[in-house]
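Below, each chain spelled out in residue letters.
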Amino acid sequence: MKLKFNNIRKSFVHVFGGNVLTENFFAKNLMFIVILVVIMILFISHRYTVIQRIAEMERLKVELKDAKYESLDISSDLTEASRQSQIEKRVEQSDLGLKVTTEPVYRIQKGKK
């Protein structure tokens with residue numbers, strides 16, 4: 001048991017002491033390892049950015065749906081308010097003294113010379 005613990009301790013000191021980085025394998029492949037770490041960091045950051053954009057798109061979809069419903073509600077209110085019967089009712093309520101004409105409308109056109 002003492003021998004295994006001693007081996008583990010030596011391996012631990014070897015790795016975390018920095019001796020493993022000076023070995024031939026790591027010295028030859030240092031550039032590859034650095035590039036691999038940079039690529040991993042880029043992948044992770046890209047994934048995080050994509051997740052943020054998807055969340056923003058979902059939020060904007062909900063906001064767009066709410067805006068569509070609000071627009072539809074305003075449009076229906078405007079359609080109701082612009083009906084002739086509603087306009088006549090409002091004119092009567094405000095006592096403007098206006099009446100609906102019973103005579104047809106005349107068009108005045110400029111004659112040709």
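Residues numbered from 1 in each chain as written. Predicted model: local features only at pLDDT ≥ 70, side-chain atom pairs only at ≥ 80, totals over all residues. Heavy atoms only, no water.

(A) Representation of the overall build of the chain. Within the chain, the regular secondary structure consists of four helices and zero strands. Listed by position from the N terminus, the elements making up the chain come as α-α-α-α. With 113 residues in all, the chain has 1% of them scored as buried. (Helix = DSSP H or I, 4+ residues; strand = E, 2+ residues; numbered from the N terminus. Buried < 20%, exposed > 50% of the residue type's maximum accessible area, 1.4 Å probe, protein only.)

(B) Quick peek at the pattern of salt bridges. Counting across every chain of the model gives three salt bridges. Glu56 is the partner of Arg59 in a salt bridge, and the nearest nitrogen-oxygen pair spans 2.6 Å. In this pair, Arg59 and Glu56 are both assigned in helix H3 (residues 30-81), three residues apart and thus about one turn of the helix distant. The partly exposed category is assigned to Arg59, whose relative accessible area is 43%. Taken together, the salt bridges that share partners define one network made up of Glu56, Arg59 and Glu63. (Salt bridge = Lys/Arg side-chain N within 4 Å of Asp/Glu carboxyl O.)

(C) Geometry of the layout of surface pockets. When its volume is computed, the largest pocket comes out at roughly 160 Å³. Gln84, Ile87, Glu88, Val91, Glu92, Leu96, Gly97, Leu98, Lys99 and Val100 together form the lining of the largest pocket. Partitioning the lining of the largest pocket into residue classes produces five nonpolar, two polar and three charged. (1 Å grid on protein atoms, 1.4 Å probe; cavity = no way out; pocket = protein on both sides within 12 Å on 5 of 7 lines; lining within 4 Å. Points joined across faces, edges and corners; volume = space filled by probe spheres on them. Nonpolar A, V, L, I, M, F, W, Y, C, P; charged D, E, K, R; others polar.)

(D) Seen up close, the confidence of the model for the chain. For the chain, per-residue confidence averages 84 on the pLDDT scale, and residues scoring 70 or more make up 89% of the total. At the level of individual helices and strands, the chain shows its lowest average pLDDT in helix H1 (residues 2-16), which scores 69, and its highest in H3, which scores 94. (pLDDT = per-residue confidence, 0-100.)

(E) Representation of unusual backbone geometry in the model. Positioned with a positive phi, Asp95 is a non-glycine residue whose angle comes to about 50°. Structurally, the position occupied by Asp95 is in the segment after helix H4 (84-93).

(F) Just a nonpolar patch on the surface, in detail. Together, Leu30, Met31, Val34, Ile35, Val38, Ile39, Leu42 and Phe43 make up an exposed nonpolar region whose accessible area comes to about 790 Å². Its location among the elements puts Val38 in helix H3. (Patch = residues over 30% accessible without salt bridge, like charges linked within 9 Å, V, L, I, M, F, W, Y side chains within 5 Å. Areas by Shrake-Rupley, 256 points an atom, 1.4 Å probe, with all protein chains shown as cover.)

(G) A negative patch on the surface, seen in detail. Taken together, the side chains of Asp66, Glu70, Asp73, Asp77 and Glu80 define an acidic patch exposed on the protein surface. With respect to the helices and strands, Asp66 occurs in helix H3. (Lys, Arg positive; Asp, Glu negative; His and termini not counted. Charge placed at Lys NZ, Arg CZ, Asp CG, Glu CD.)

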